[in-house]
Amino acid sequence: MNTIVVILLIAAIILFILSFFQKNGTEQVHQEVEELSMQFFQESYILKKRLKVLEEELLGGEPFVSKTDLQHKKNKPINEILKSQVLALFNQGLSFEQIAKQSALSVDEVQSIIASNTK
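Cut-offs applied
- Residues numbered from 1 in each chain as written.
- Predicted model: local features only at pLDDT ≥ 70, side-chain atom pairs only at ≥ 80, totals over all residues.
- Heavy atoms only, no water.
- pLDDT = per-residue confidence, 0-100.
- Helix = DSSP H or I, 4+ residues; strand = E, 2+ residues; numbered from the N terminus.
- Polar contact = N/O pair within 3.5 Å; in protein donor to acceptor, adjacent residues only side chain to side chain.
- Contact = heavy atoms within 4.5 Å.
- Phe/Tyr/Trp six-rings, centres within 6.5 Å; stacked < 30°, edge-to-face > 60°.
- Buried < 20%, exposed > 50% of the residue type's maximum accessible area, 1.4 Å probe, protein only.

A.B. asks: Explain the confidence of the model for the protein chain to me, please; I cannot follow it from the model alone.
C.D. replies: Per-chain confidence: the protein chain averages 81 in pLDDT, with 83% of residues scoring 70 or above. For the protein chain, the element scoring lowest by mean pLDDT is helix α3 (residues 67–75), at 56; helix α1 (residues 2–21) scores highest, at 89.

Given below as structure tokens:
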């Protein structure tokens, strides 16, 4: 009885040690998961680009902006660096619309920044 337990224990230890040296299939699974995630990100990027093109075509060149986006934008204070960028662009002679496109602000916000800092 003791010899059977000892033989089984030795066999278990040998199999345990051999399991470390065998190449696992987990590397292949990790690689497949990574490839799938890359495909997902590529496809979602392509869909976003197509959606943006469709929005621009439907709205005549202006991307769609929801009401909640506008509310968040209005409630958010404007950064000082952004203000200085707007003023620098204005001093270079750009129009309000051009400054708004480059700074991702509305034309009204650009006008208010320029009005408050040129007085």
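A.B. asks: What is the right way to look at the side chain of S103 in this model?
C.D. replies: In this structure, S103 sits in helix α5 (residues 96–103). Polar side-chain contacts of S103 include one of 2.7 Å to the backbone oxygen of I99. Leaving out residues up to four positions away in the same chain, S103 has contacts with L82, V86 and V110.

A.B. asks: What should I look at first to understand the packing of aromatic side chains in this one?
C.D. replies: Between two aromatic rings, the relevant description is the distance of the centres plus the angle of the planes. For the structure shown, the criterion picks out 2 aromatic pairs. Where F90 meets F96, the ring centres are 6.1 Å apart and the plane angle is 5°; that geometry is what we call stacked. For F96, a relative accessible area of 29% puts it in the partly exposed group.

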